[in-house]
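Residue strings, one per chain:
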Amino acid sequence: MTCRKVFVIAMDNEAAAITAHFADVSESTVFGRRVVRGTMDGEPSAVVVSGIGKSNAAAATQLALSLFEPEEVLNAGVAGALHAPMQVAEVYQVRAAVQYDFDLAQINGTKVGTLNEYADREIPLAVAGALPQAVLGTGDRFNDSKTDHAFLVDDVKADLRDMEGAAIAHVALRAGVRCRMVKSVSDVAGSGSTTDQYLANLKVALASLSAAIPAFYKG
């Protein structure tokens, strides 16, 4: 089965925000990963659920590419906002992503976040439609670290943070496949515990994400 567009999604609850828009749904497990097939907007599509973190996201993206040979990889999920003016449940499309915990500076003198294959640490993504654009910082950390926040805001110039997006974008870029990404805000830096906000706001953030999916899918 080939699909023109395939989603790679970190968590089952985020995947549900996508599959709510699917018809003719079927489900299987492939190499230990949940794969949901269906139709969306009248065409075959699929969701590969990766699990949390960059290695999971990269592996699931390669699996999606191998299984479905898509023209476009899509990612949708929740993310933390790094700037106080941003609000819970606001939805942003990602124009660039950075793996902010990737560091080869001591070896080659590049900025932290610059992958070895590239000179620029920002991984570009395709954007379409009217959703506001943001830069995403991706790392294998979920925390309230002031050091991480300062680095993301002042150095990386990121607006959002998650644990998967830049890894998905990296695999798609290496494969020469277009990648688009949309994120709904679950917590805002400076507004209290990230964990407490995430738990309190997850349901509304997912509802907002799901509402944005049809237009996002069409691109």
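Here the structure is shown first, and the text comes after it.
Residues numbered from 1 in each chain as written. Predicted model: local features only at pLDDT ≥ 70, side-chain atom pairs only at ≥ 80, totals over all residues. Heavy atoms only, no water.

## Some thoughts on the pairing of strand 5 (residues 72-81)
Then step 1. With 10 of 10 residues buried, strand 5 is to be regarded as a mostly interior element.
Then step 2. Relative to strand 5, strand 1 (residues 5-9) runs parallel, the two sharing three bridges. Bridged to Val6 within strand 5 is Val73.
Then step 3. In the sheet, strand 5 pairs with strand 10 (residues 178-188) via 10 bridges, with the strands oriented parallel. Paired with Asn75 across the strands is Met181, a residue of strand 10.
Then step 4. Here strand 5 runs beside strand 9 (residues 160-162); their pairing, made up of two bridges, is antiparallel. Bridge pairing in strand 9 places Gly80 opposite Arg161. (Buried < 20%, exposed > 50% of the residue type's maximum accessible area, 1.4 Å probe, protein only. Helix = DSSP H or I, 4+ residues; strand = E, 2+ residues; numbered from the N terminus. Pairing = 2+ DSSP bridges.)

## Topic: the nonpolar core
Then step 1. Counting residues in each nonpolar core, the largest one holds 37 residues, and the members touching the most others are Val48, Phe68, Leu125, Leu160, Ile168, Cys179 and Met181.
Then step 2. At the level of elements, strand 1, strand 4 (43-49), helix 2 (54-68), strand 5, strand 6 (91-99), strand 8 (133-138), helix 5 (165-175) and strand 10 are the ones that each hand at least two residues to this core.
Then step 3. For Phe68, the contacting residues outside a window of four places in its chain are Met1, Thr2, Cys3, Val6, Val35, Arg37, Ala46 and Val48.
Then step 4. Core analysis: the next-biggest nonpolar cluster, separate from the first, contains 26 residues, Ala76, Leu209, Ile213 and Tyr217 among them. (Core = buried A, V, L, I, M, F, W, Y, C linked by side-chain atoms within 4.5 Å. Contact = heavy atoms within 4.5 Å.)

## Things to note about empty space enclosed by the protein
Then step 1. Tallied over the entire structure, the rule returns one cavity of 30 Å³ or more.
Then step 2. Of the volumes computed, that of the largest cavity is approximately 30 Å³.
Then step 3. Sort the elements by how many residues they give to the lining of the largest cavity and strand 5 lands first, with four residues.
Then step 4. A breakdown of the residues in the lining of the largest cavity according to their chemical character gives three nonpolar, two polar and four charged. (1 Å grid on protein atoms, 1.4 Å probe; cavity = no way out; pocket = protein on both sides within 12 Å on 5 of 7 lines; lining within 4 Å. Points joined across faces, edges and corners; volume = space filled by probe spheres on them. Nonpolar A, V, L, I, M, F, W, Y, C, P; charged D, E, K, R; others polar.)

## Section: the packing of helix 2 against helix 5
Then step 1. Where helix 2 meets helix 5, the axes come as close as 8 Å, and the angle between the chain directions of the two elements is 35 degrees. In the crossing of helix 2 with helix 5, the sense of the turn from one axis to the other is right-handed. Residue-level inspection shows Lys54, Ala57, Ala58, Thr61, Gln62 and Leu65 of helix 2 in contact with helix 5, the latter providing Ala167, Ile168, Val171, Ala172 and Ala175.
Then step 2. Across the contact of helix 2 with helix 5, the residue classes tally to eight nonpolar, two polar and one charged. (Axes fitted to C-alpha atoms, helices over the stretch in contact; angles between N-to-C directions. Left-handed = near helix turned anticlockwise from the far one by under 90°.)

## Notes on the pairing of strand 10
Each regular strand carries side chains that alternate between the two faces of the sheet.
Then step 1. Counting buried positions along strand 10 yields 10 of 11 residues, so the element is predominantly enclosed.
Then step 2. Inspection of the sheet shows strand 6 paired to strand 10 by three bridges, in the antiparallel sense. Its bridge partner being in strand 10, Tyr92 is matched across the sheet by Lys183.

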